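Chain by chain, the residues run as shown.
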Amino acid sequence: MERTGSIRRKAIARQHKREVMIAGEQLRLRLHDGKLIKDRRYHLRTFPNCLVAQELIDWLVSHKEAPDRATAVCLMQHLMDHDILHHVCDKRPVLKDAKLLYRFRKDDGTFPFNTEVKVFMRGQRLYEHLIGEKNSILQLREEHGVAYQRSFPGCQLIDWLLQNGEAESRRRGLELCRALQEHGIIQHVAKKHDFCDSGLLYQFCINFRRRRRLSELLNESKQDDSEDVAVSTQEDSHTDSPFVLHRNPPQEGNRAFRSVRLSKGLKQVTSGRRGSSPQLHSSGPLVQLPSTSVRCNPKSVLRRHFTCEELFAPGAPLIKRVLTVIGDDLGWGFVVRGMAPCYVQAVDPGSPSAAAGVKVRQFVCQVNGQCVLYLDYRTVNRLVMTGPRTVVLEVMEPLE
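Novice: Looking at this structure, how should I read the sheet that holds strand β2 (residues 45-52)?
Specialist: Backbone-to-backbone hydrogen bonds pair the strands of a sheet. The strands run either parallel or antiparallel. The strand order β1-β2-β4-β3 describes an open sheet built from four strands, whose pairing is antiparallel. Bordering the open sheet on either side are β1 (38-42) and β3 (85-87), each of which pairs with just one other strand. On average, each strand axis in the sheet is tilted by 55° relative to the strand beside it, whichever way the strands run. The pairing of β2 with strand β4 (residues 101-104) spans two bridges and is classified as antiparallel. Paired with leucine 51 across the bridge in β4 is tyrosine 102. Contacting β1, β2, β3 and β4, helix α2 (residues 53-62) crosses the sheet at an angle of about 20° to β2. Across the sheet, helix α3 (residues 69-81) is in contact with β3 and β4; its angle to β3 comes to roughly 95°.

Novice: Please clarify how the sheet that holds strand β5 (residues 139-143) should be interpreted in this entry.
Specialist: Reading across from one edge, β5-β6-β8-β7 is the order of the four strands in this open sheet, with antiparallel pairing throughout. For this open sheet the edge positions go to β5 and β7 (186-188), each flanked by a neighbour on one side alone. Here the strands of the sheet are splayed against their neighbours by 60° on average, with no regard to which way each runs. Note: β5 against strand β6 (residues 146-153), four bridges, orientation antiparallel. Bridged to glutamate 143 within β6 is valine 146.

Novice: Would you mind showing me how to read helix α10 (residues 377-385) here?
Specialist: An α-helix turns once per 3.6 residues; consequently, residues spaced three or four apart project the same way. The buried count for α10 comes to eight of nine residues, which makes it a mostly enclosed element. Restricting attention to buried positions, one finds in α10 the residues Tyr377, Thr379, Val380, Asn381, Arg382, Leu383, Val384 and Met385. Tucked into the core, α10 has its buried residues touching β6, β8 (201-204), β12 (334-337), β14 (363-367), β15 (370-371) and β16 (390-398).

Novice: Would you mind showing me how to read empty space enclosed by the protein here?
Specialist: Here the second largest cavity is characterised by a volume of approximately 130 Å³. Around the second largest cavity, the lining residues are Met21, Gly24, Glu25, Arg28, Ile84, Phe104, Arg105, Lys106, Phe111, Phe120, Met121 and Gln124. Elements that contribute at least two residues to the lining of the second largest cavity include exactly α1 (2-33), α4 (105-108) and α5 (115-132). For the lining of the second largest cavity, the leading source of residues is α1, giving four residues.

Novice: What is the right way to look at the packing of aromatic side chains in this model?
Specialist: By convention here, two paired aromatic rings are described through the distance between centres and the angle between planes. The full count for this structure, using the stated rule, is seven aromatic pairs. Between phenylalanine 152 and phenylalanine 204, the aromatic rings sit 5.9 Å apart at their centres with planes inclined by 55°, giving tilted as the arrangement. In this pair, phenylalanine 152 sits in strand β6 while phenylalanine 204 sits in strand β8, placing the two residues 52 residues apart along the sequence. Take phenylalanine 204: its relative accessible area is 10%, and that puts it in the buried class. Ring geometry for phenylalanine 195 versus tyrosine 202: centroids 4.6 Å apart, planes at 35°, classification tilted. In this structure, arginine 304 packs its charged tip against the face of phenylalanine 306, placed 3.9 Å from the ring centre.

Novice: Just to check I follow, could you spell out unusual backbone geometry for this structure?
Specialist: For residues besides glycine, phi is generally negative; the peptide bonds are generally trans as well. The step from alanine 340 to proline 341 runs through a cis peptide bond, and the omega angle for that step is 0°. Here proline 341 shows up in the loop between β12 and β13 (343-347). Even without glycine at this site, histidine 43 takes up a positive phi of about 50°. With respect to the element layout, histidine 43 can be found in the loop between β1 and β2. Unlike most non-glycine residues, asparagine 368 shows phi in positive territory, near 55°. Within the element layout of this structure, asparagine 368 appears in the loop between β14 and β15.

Cut-off values and rules
- Residues numbered from 1 in each chain as written.
- Predicted model: local features only at pLDDT ≥ 70, side-chain atom pairs only at ≥ 80, totals over all residues.
- Heavy atoms only, no water.
- Pairing = 2+ DSSP bridges.
- Helix = DSSP H or I, 4+ residues; strand = E, 2+ residues; numbered from the N terminus.
- Axes fitted to C-alpha atoms, helices over the stretch in contact; angles between N-to-C directions.
- Contact = heavy atoms within 4.5 Å.
- Buried < 20%, exposed > 50% of the residue type's maximum accessible area, 1.4 Å probe, protein only.
- 1 Å grid on protein atoms, 1.4 Å probe; cavity = no way out; pocket = protein on both sides within 12 Å on 5 of 7 lines; lining within 4 Å.
- Points joined across faces, edges and corners; volume = space filled by probe spheres on them.
- Phe/Tyr/Trp six-rings, centres within 6.5 Å; stacked < 30°, edge-to-face > 60°.
- Lys NZ or Arg CZ within 6 Å of the ring centre and 35° of its normal.

Purely geometric stuff here, so don't read any function into it on its own.
In structure tokens, the structure reads:
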């Protein structure tokens, strides 16, 4: 048990490091676009590709990356602690809101490239290359009757590496792919096989293009495992999906999801970070929420269960609806459950899903045009999290 806990903590720390690296790189590119990063002179010396801390803090607050200057300083200090940002002369380990020069380590080549970082950045570069190709090998494919978005056969990835000069031989390509899997960049779609030069399907575990908000990363590494209770999956097949739980600070008289009624079966759980996660493969953007209490119901809200065939049977007491949900920084705002078909278990009253018309007891038939009737909630979770922020749902709603 102790060893398992240690492995889990290391995995969470590694995952957090990846999120910080991606968020830092996204910020660096935005600052370059905004012309905040440029060559500057100080005491008769020119410092290339640097920025002024005071201007950086101004930018973070004006672009709503931080609510105030103190929080913005904390966010940038977090990047400094992870070797993303540093003082141009390395004389100040603490970032100050002043006219001092700082620089991204990637801009001056001082980033500490250990093996893990090298593999991570190689995986990110491959992902960007693959996702940007017109006829990419990342496609919707099926394995054992289950469809997987942006998946690829192992042998095709090695072929692609050889064709694009990313590997000298098939053996080198296989070694690279196994290193990517070992470091959590790619995985078998069902997490059952190590990487093989075969027709087995694999996916990238990380959506590198998902926008990371800096505020989502602050204090994430300090979270205790117990804070995952509200979003962790359980062994039961009807567990809440961990990716769509959207919580607002509770207000008087409105402290529960629409699917919840005060009853003896109600459980009290402490709200922590909502979670892609990420662990990256299981959740959406991370955000530190106030230490509040959220009520959630462990029982299904369905009045009766429908099979996939019954949903479309002539005369079935259901109506089809197509809903478009535009996620915000906290997610989409609903929870799905079930094995096949999935259904909406809970909807946050103040969320994008509530505004779009998502309701409890709706059965989810399609996600972004893909049929999900025969998929369990974990797979539906994956489809939403690897897709765009705007989610188009086709649902079957029981007639009252």
